[in-house]
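An overview of the molecular structure
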Amino acid sequence: MGENNILATILAGGKSRRFGTDKSLAKLGNKSLIDHTISKIEKNFSEILIVSNKQIMDQKKKNINIVEDCLPGQLGPLVGVLSAMKWIKKNSKNYNWVATFPCDTPFFDDKIFFHLQEKSKKKDNKLFFFKTGEKRHNIFGLWSLELINILEEDIKKNFRKVETWANKIGLELIEIDAKQDDTFLNINTKDDLEKAENKLKVIK
C-alpha cells in the first residue's frame, strides 16, 4: 500500500488516566506500545503521522511526522482526526483519506489494510469503521478529507464522542472475523498490559 491516497495516522493524544502514565510509551515485550503500532503499519504505508501532545519519541525516520492536536485541551480523538486533516492541507499532501489507528491496540488484524485500500477507491461513503462480532472499533477508521469542514464545525459545537458524531454523519461498517477475542485488545490499564504480555508470550 505504499503508493496510495491514504495517510496512516496514529492517535496518541489521550491523557491515559486509567493507565496512570503515558501508555503509548509503556513497554510490551522489548518495544513500546506505539513502536508496536508503527512496526505493523509502516510495512503498508509510505508515510505515518502521529498526533500526540507529548514528546513521545525522537523523530528519527523521515517517513514519520509528529504533530500536536490543532486545538488545546486534549479534547479527544475527533480533534486528532481534524489535526491530521489540517496537516495534510497545510503541507499540500495528496492524500484524500486519513486512516486512524490507536496507539494502544497492538494485536489488530492485518486484514484491515486490504479493506482500507479497497474502500479508499470508492466514493459512496466518506467514513468507515471496523466491526468484529457485535463490537464496533471506532478508532480504527477511514475518514474522507471531504469531512474536514463539517468535522471542524461540529467540534466547535462540542461534539466529542466519535460514535455520536459518526452516527450523525453516517458511516459504513466493515465486518471482519477476528482470529481471537483479544485481537483488538485495547490497553487502558496495567491489568490490560499484563494480558497483552501473556498474549505476546503465546504468539512467540
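Since this is a predicted model, take the numbers as computed values, not measurements.

Criteria and cut-off values
- Residues numbered from 1 in each chain as written.
- Predicted model: local features only at pLDDT ≥ 70, side-chain atom pairs only at ≥ 80, totals over all residues.
- Heavy atoms only, no water.
- Buried < 20%, exposed > 50% of the residue type's maximum accessible area, 1.4 Å probe, protein only.
- Helix = DSSP H or I, 4+ residues; strand = E, 2+ residues; numbered from the N terminus.
- Pairing = 2+ DSSP bridges.
- Phe/Tyr/Trp six-rings, centres within 6.5 Å; stacked < 30°, edge-to-face > 60°.
- Lys NZ or Arg CZ within 6 Å of the ring centre and 35° of its normal.
- Salt bridge = Lys/Arg side-chain N within 4 Å of Asp/Glu carboxyl O.

**Here's the deal with the pairing of strand S1 (residues 6-11)**
Along S1, six of the six residues are buried, which leaves the element largely enclosed by surrounding structure. Going residue by residue along S1, you find Ile 6, Ala 8 and Ile 10 tucked away on one face and Leu 7, Thr 9 and Leu 11 tucked away on the opposite face as well. With six bridges joining them, S1 and strand S6 (residues 97-102) adopt parallel strand pairing. Paired with Ala 8 across the bridge in S6 is Ala 99. Two elements, S1 and strand S4 (residues 48-51), share four bridges in a ladder whose sense is parallel. Residue pairing across strands places Thr 9 opposite Leu 49, the latter belonging to S4.

**Topic: the packing of aromatic side chains**
Enumeration according to the criterion identifies eleven aromatic pairs in this entry. Both rings, one in Phe 101 and one in Phe 140, keep their centres 6.3 Å apart while their planes meet at 90°; by these two values the pair is edge-to-face. With Phe 101 in strand S6 and Phe 140 in strand S8 (residues 135-144), the pair connects residues that are 39 residues apart, well separated along the chain. Both residues of the pair, Phe 101 and Phe 140, belong to the buried class. Through a chain of ring-to-ring contacts, three or more aromatic side chains come together here, namely Phe 45, Phe 101, Phe 108, Phe 113, Phe 140 and Phe 184. A cation over an aromatic ring shows up here: Lys 40 above the ring of Phe 108, its NZ or CZ 4.6 Å from the ring centre. Between Lys 168 and the ring centre of Phe 159, over which it is positioned, the NZ or CZ distance is 5.6 Å.

**Regarding the pattern of salt bridges**
For side chains of opposite charge, pairing can occur when their charged atoms come near one another. Applying the stated criterion to the full structure yields seven salt bridges. Ionic pairing is found between Glu 118 and Lys 121, a salt bridge with its closest N-O pair at 3.5 Å. Here Lys 121 falls in the exposed class, since its relative accessible area comes to 56%. Residues Glu 146 and Lys 126 are paired through a salt bridge, measuring 3.1 Å at the closest nitrogen-oxygen approach. Within this pair, whereas Glu 146 is found in the loop between S8 and helix H4 (148-156), its partner Lys 126 is found in the loop between helix H3 (111-119) and strand S7 (127-132), the two being separated by 20 residues in sequence. Using a relative accessible area of 40% as the deciding quantity, one classes Lys 126 as partly exposed.

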